[in-house]
Amino acid sequence: MSKGLCLHGSFPSSAEARRPTRDRRSRAAITLEPLPVLHQYYDALFRAHGEQRWWPARTPFEVIVGAILVQNTTWVNAARAIAHLRSAKLLTPAALAKVPVFRLARLIRPSGYFRQKARKLKAFVEFLQQEHRDSLKAMFATPTAELREQLLRVHGIGPETADSILLYAGNHPVFVIDAYTRRILTRHGLSQGKESYEELRGLFEKSLPLDAQLFNEYHALIVHTGKHHCQARAASCSDCALRQFLPTPPEASA
Ligand code: SF4
């Protein structure tokens, strides 16, 4: 383990990490109380990796399309599907509304689940047309909580997709939670791994200033860390910017 590779199993469980304060902090307290240390996590990540320049898209509508296409696949596959849509001049709400669903599905095939995703894209442009007269500007002028509720009612848009759209296409200050966020919080003893999406989103939003630019960078930095250091099967802690925050630095990563 010369690179400090340490198996997830060698970490203290979150319960172990929290044992000294077991009776002081209930599960509800863990998720509802702000965690000021999350500021320090951000500072360490930003110092180490700098600006991530998310989201990799040319327009807000392209962000929305990408947020749907990246579901259950990698960004590389989603980007290939987006490139096909761009070549076919379909990266506008009006064009997507007109294209037959079977042609749309064929074009986005590289993203996987292409038939379902074609229906999801159609559902979004239909929503945009009916609720906001085809205007993204009008849609994003809607108050954050109200727009989030609307998006969550659209077929195929769950919390992570809705929040990605709100933050990266609309500059609304909502924190995006993903599997990387859950993994890092759990490995650091800051969550138990069973918290709901909303509990974790609330945790970040209560712990940090409600600042879209901050949330934009923070989520991108978490994704960078999850991809390059904190992988599901093993964590490479020795060269990770968050190593200093581990509850008990694992011997294997020394
Ligand atoms: S975030 Fe970094 S330091 Fe923390 S467990 Fe993952 S790899 Fe290790």
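Figured I'd write up the structure that's included with this text. These numbers come from a predicted model, not from an experiment.

The element helix α11 (residues 159–169) is extensively covered by neighbouring structure, given that nine of its eleven residues are classed as buried. Taken together, the buried positions of α11 are T161, A162, D163, S164, I165, L166, L167, Y168 and A169. Those residues of α11 hidden inside the fold are in contact with α4 (60–69), α10 (144–152) and α14 (212–228). One or two steps after α11, the chain reaches N171, where phi turns positive at roughly 60 degrees.

To continue, consider the environment of V70. Within the secondary structure, V70 sits in the loop between α4 and α5 (75–87). The buried category is assigned to V70, around which 22 C-beta atoms lie within 10 Å. For V70 and T161, which are 91 residues apart along the polypeptide, the C-alpha to C-alpha distance reads 9.1 Å. Residue contacts for V70: discarding those within four places in its chain leaves W75 and A78.

The next thing to look at is the environment of R243. Secondary-structure assignment places R243 in the segment after β2 (234–236). Since 17 C-beta atoms lie within 10 Å of it, R243 is described here as partly exposed. The spacing of R243 and Y41 is 202 residues in sequence and 9.9 Å in space, taken between C-alpha atoms.

Turning next to the environment of L152. With respect to the helices and strands, L152 occurs in helix α10. Between the alpha carbons of L152 and D163 there is a distance of 9.5 Å; along the sequence they are eleven residues apart. When near neighbours in sequence (up to four residues on either side) are disregarded, L152 contacts I157, P159 and A162.

What counts as what
Residues numbered from 1 in each chain as written. Predicted model: local features only at pLDDT ≥ 70, side-chain atom pairs only at ≥ 80, totals over all residues. Buried ≥ 20, exposed ≤ 12 C-beta atoms within 10 Å, placed from the backbone. Helix = DSSP H or I, 4+ residues; strand = E, 2+ residues; numbered from the N terminus. Contact = placed C-beta atoms within 7 Å.

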